[in-house]
Amino acid sequence: AMDWQVLTRELSLYLESQVRVGLFGSGVGLSLVLGFGVAYACYYLNSIAKKPQLVASNDRFCRFLEEHCPVVTETYYPTIWCWEGRVQTLLRPFITSRPQVQYRNELIKTADGGQISLDWFDNNDSLYYPDASTRPTVLLLPGLTGTSKESYILHMIHQSETLGYRCVVFNNRGIAGEDLLTPRTYCAANTEDLEAVIHHVHSLHPSAPFMAAGVSMGGMLLLNYLGKTGRDTPLMAAAIFSAGWNVFESVESLEKPLNWLLFNYYLTTCLQSSISRHRQMLEKLFDMDLVMKARTVREFDKQFTSVMFGYRSIDDYYEDASPCRKLKSVGIPVLCLNSVDDVFSPGHAIPVETAKQNANVALVLTSCGGHIGFLEGIWPRKCTYMDRVFKQFVQAMFEHGNKIFSM
């Protein structure tokens with residue numbers, strides 16, 4: 001009996017000590033977790049979630065944006081578990097949803113005998129603009145190897161659909177499944193194809209208000225076009241997202257070891273695969289074996305792009321392709337969204353001083369967001385900050401654009 005009592009007492013003491021250790025242990029664990037959570041929340045609210053910097057010399061344009069496009073003055077709260085630029089850039093294509101869009105394809109001929117593939121979203125069910133002849137139209141320009149199937153393009157169309165607008169996507173030559181009829185593709189500096197597309201769309205709907213939005217290289221191409229044409233364009237305004245402002249700075253940033261590993265090599269293989277389908281046509285002018293050996297975007301541009309468009313050197317091409325040089329000549333209202341942690345367009349290369357000298361230009365600079373990232377919300381599948389800027393700015397211009405000039 002005594003043995004039993006001793007055993008029971010020993011057991012109860014052991015359990016008591018375990019419970020105490022357990023409670024103490026979980027208490028410390030809980031304290032650590034809570035402490036870390038509070039510290040992280042403080043860091044996030046103080047250093048990560050910030051209002052974007054709005055750079056605009058024109059007070060009227062500023063007031064117009066504050067009133068009709070308030071998203072550019074509100075705090076941007078990047079997704080709390082992936083706010084870093086590279087992470088946002090890598091995750092966005094996998095996380096964001098892909099809204100269903102039914103396109104109508106149109107192939108148009110170019111002066112040099114080539115063809116361009118346009119994907120139309122007519123929005124014939126538009127409640128706000130039932131008359132197709134005056135339905136506002138947004139021309140969308142995807143990035144370097146992007147087409148009308150990119151999730152960021154589908155989201156812009158989804159936003160435009162709810163507002164009643166029509167969209168048309170300009171797919172660069174040879175990239176959306178159509179054949180190359182001549183040995184020529186596209187580049188950021190040559191605006192001839194874009195001019196042909198803008199003229200074509202405007203001639204089909206001359207009474208419809210007309211805007212354009214370009215993403216990444218599409219934004220660079222659009223800026224280079226606007227710098228060249230000034231006020232002489234049927235476009236009433238433009239929105240630019242994650243453009244690379246200075247190509248020299250962009251390729252240098254992308255050649256840093258980690259960035260090369262994460263982005264540059266993959267992008268180079270995308271460029272190569274986009275032209276390999278047209279190898280027979282392109283072999284007439286290029287040493288395709290050499291082009292296929294490129295391991296960086298710079299090498300690809302040196303062997304292929306700069307040669308195709310007749311530049312004496314790659315530096316001449318990069319000089320011509322950099323929109324920072326054309327910004328002073330832009331003649332219509334343009335809103336440009338960039339994140340300063342974008343490795344494709346480093347913050348120090350954003351032409352803030354030049355933008356301040358042109359009353360038509362507004363820059364919106366976020367501290368986080370990466371390249372075409374701008375994820376927000378706990379699980380950022382639906383709408384990004386970029387999508388909201390697009391929606392509000394396009395709506396502001398189409399519905400209140402005349403106020404910019406009368407304010």
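Residues numbered from 1 in each chain as written. Predicted model: local features only at pLDDT ≥ 70, side-chain atom pairs only at ≥ 80, totals over all residues. Heavy atoms only, no water.

**Examining helix H14 (residues 385-400)**
If you check H14, its first and last C-alpha atoms are 22 Å apart, about what 16 residues at 1.5 Å a residue would give, namely 22 Å. Of the residues making up H14, those classed as buried are Tyr385, Met386, Asp387, Val389, Phe390, Phe393, Val394, Ala396, Met397 and Phe398. (Helix = DSSP H or I, 4+ residues; strand = E, 2+ residues; numbered from the N terminus. Expected span 1.5 Å × (residues − 1). Buried < 20%, exposed > 50% of the residue type's maximum accessible area, 1.4 Å probe, protein only.)

**Focus on the domain arrangement of the protein chain**
Looking at the protein chain, the domain boundaries give domain 1 (47-246 + 323-404) and domain 2 (247-321). Taken together, the contact pairs 35 residues of domain 1 with 30 residues of domain 2. Its largest share of buried area at the contact with domain 2, domain 1 owes to Pro183, Asn246 and Phe344, together 23% of the area lost on that side. Where domain 1 meets domain 2, there are three salt bridges. We note a salt bridge from lysine 326 to aspartate 320, for which the minimum N-O separation is 4.0 Å. (Domains from an automatic or database assignment. Contact = heavy atoms within 4.5 Å. Buried area = accessible area lost by both parts, 1.4 Å probe. Salt bridge = Lys/Arg side-chain N within 4 Å of Asp/Glu carboxyl O.)

**Digging into the sheet that holds strand E7 (residues 237-241)**
Taken in spatial order, the nine strands line up as E1-E9-E8-E7-E6-E4-E5-E3-E2 in an open sheet, and their pairing is mixed. Edge strands, defined here as strands with exactly one partner in the open sheet, are strand E1 (53-55) and strand E2 (104-109). Between one strand axis and the next, the sheet turns by 20° as a mean value, whatever way the strands run. Both strand E8 (residues 334-339) and strand E9 (residues 361-366) contribute to a ladder of six bridges, which runs parallel. The partner of asparagine 338 across the bridge, within E9, is leucine 365. Contacts from helix H2 (residues 59-68) reach E1, E8 and E9, with the element oriented near 50° to E9. (Pairing = 2+ DSSP bridges. Axes fitted to C-alpha atoms, helices over the stretch in contact; angles between N-to-C directions.)

**Topic: the packing of helix H11 (residues 297-308) against helix H12 (residues 314-321)**
Packing of H11 against H12 brings their axes to within 10 Å, and their N-to-C directions diverge by 95°. Comparing their axes, H12 and H11 come out roughly perpendicular. Along its contact with H11, which presents Val297, Arg298, Asp301, Lys302, Thr305 and Ser306, the element H12 presents Ile314, Tyr317 and Tyr318. Looking at side-chain class alone, the contact of H11 with H12 contains four nonpolar, two polar and three charged residues. (Parallel < 35°, antiparallel > 145°, perpendicular 65-115°, else oblique. Nonpolar A, V, L, I, M, F, W, Y, C, P; charged D, E, K, R; others polar.)

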